[in-house]
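Structure assessment
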Amino acid sequence: MEDLLISLIESLGYPIFQTGSLGADELYPASFFTYWNNSADGNEFYDNKENSIIWSFDLNFYSDDPSIIMEQLMKAKELLKQNGFIVYGKGHAVKSDEVTHTGRGVDIKIIERIDRRKEKCKKN
């Protein structure tokens, strides 16, 4: 799911980084996304087996141009919703380590279904 999130966001034309992965000596791009995988919890247990995974991510957009932050974050929101992610609201302010940048983030989820039909039945 992380790869899906990255590829979708990259299609918007901005770089995306895992939160905290930019080195201390690296300059911030003018505008970029960050993400963090909060959890990937099992769900829908039947016969002691999980049948889905609920993936939870934070997605943030930072820019040195405050006028584009909400617009770009909402474009990402719509793209993710079109591709099966659950995204709600208009997000929240996020801190920036650089005085030149401000940011906004949204919480996103996606449900990964586990296909149990492929499992072979054990015979006694």
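Here goes a summary of the coordinates provided.

What counts, and where the lines are drawn
Residues numbered from 1 in each chain as written. Predicted model: local features only at pLDDT ≥ 70, side-chain atom pairs only at ≥ 80, totals over all residues. Heavy atoms only, no water. Phe/Tyr/Trp six-rings, centres within 6.5 Å; stacked < 30°, edge-to-face > 60°. Helix = DSSP H or I, 4+ residues; strand = E, 2+ residues; numbered from the N terminus. Buried < 20%, exposed > 50% of the residue type's maximum accessible area, 1.4 Å probe, protein only. 1 Å grid on protein atoms, 1.4 Å probe; cavity = no way out; pocket = protein on both sides within 12 Å on 5 of 7 lines; lining within 4 Å. Points joined across faces, edges and corners; volume = space filled by probe spheres on them. Nonpolar A, V, L, I, M, F, W, Y, C, P; charged D, E, K, R; others polar. Core = buried A, V, L, I, M, F, W, Y, C linked by side-chain atoms within 4.5 Å. Polar contact = N/O pair within 3.5 Å; in protein donor to acceptor, adjacent residues only side chain to side chain. Contact = heavy atoms within 4.5 Å. Pairing = 2+ DSSP bridges. Expected span 1.5 Å × (residues − 1). Arc of directions from axis to C-beta.

**Some thoughts on the packing of aromatic side chains**
As enumerated under the stated definition, the model contains seven aromatic pairs in all. On the basis of an interplanar angle of 70° and a centroid distance of 6.0 Å, the ring pair of Tyr14 and Phe33 is categorised as edge-to-face. Here the residue Tyr14 occupies a position in the loop between α1 (2-10) and β1 (16-18), and Phe33 occupies one in strand β2 (residues 31-46), the gap between them amounting to 19 residues. Pair check on accessibility: Tyr14 and Phe33 agree, each one buried. Among the aromatic residues, ring-to-ring pairing joins Phe17, Tyr28, Phe32 and Tyr62 into one connected group.

**Describing the layout of surface pockets**
Estimated volume of the largest pocket: approximately 260 Å³. Among the elements of the structure, β1 and β2 are those that each provide at least two residues to the lining of the largest pocket. By residue class, the composition of the lining of the largest pocket is six nonpolar, seven polar and four charged.

**Side note on the nonpolar core**
One finds Leu5, Ile9, Phe33, Leu59, Leu80, Phe85 and Ile108 to be the most contacted residues of the largest nonpolar core, which totals 25 residues. Taken together, the elements giving at least two residues each to this core come down to α1, β2, β3 (49-63), α2 (69-82) and β6 (102-113). When residues of this core are assigned to their parent elements, the largest contribution, six residues, is made by α2.

**Re the side chain of Ser63**
Inspection of the secondary structure assignment puts Ser63 in strand β3. Classification of Ser63 by relative accessible area gives buried; the value is 1%. Within polar-contact distance, the side chain of Ser63 engages the side chain of Ser31 at 2.7 Å. Those residues within four positions of Ser63 in sequence are excluded, and the remaining contacts are Ala30, Ser31, Ile68, Ile69, Thr100, His101 and Thr102.

**Some thoughts on the environment of Gly13**
The residue Gly13 is located in the loop between α1 and β1 in this model. Residue Gly13 is classed as exposed on the basis of its relative accessible area of 61%. For the pair Gly13 and Phe32, spaced 19 residues apart in sequence, the C-alpha separation works out to 9.0 Å.

**As for the pairing of β3**
Of all 15 residues in β3, 11 are buried, a share of seventy percent or more. As paired strands, β3 and β6 are joined by 12 bridges and run antiparallel to one another. The residue of β6 that forms the bridge with Tyr62 is Gly103.

**Observations concerning α2**
In this model, α2 (14 residues) spans 20 Å end to end at C-alpha, consistent with the 20 Å of a helix rising 1.5 Å per residue. Along α2, the residues classified as buried are Ile69, Gln72, Leu73, Met74, Ala76, Lys77, Leu79 and Leu80. Just downstream of α2 lies Gly84, where phi reads positive at about 95°.

**Brief notes about α1**
Three or four residues apart is the spacing at which side chains of an α-helix point the same way, because the helix has 3.6 residues per turn. Buried within α1 are the following residues: Leu5, Ile6, Leu8 and Ile9. Across the axial projection of α1, the buried residues extend over an arc of 165°, all falling on one side.

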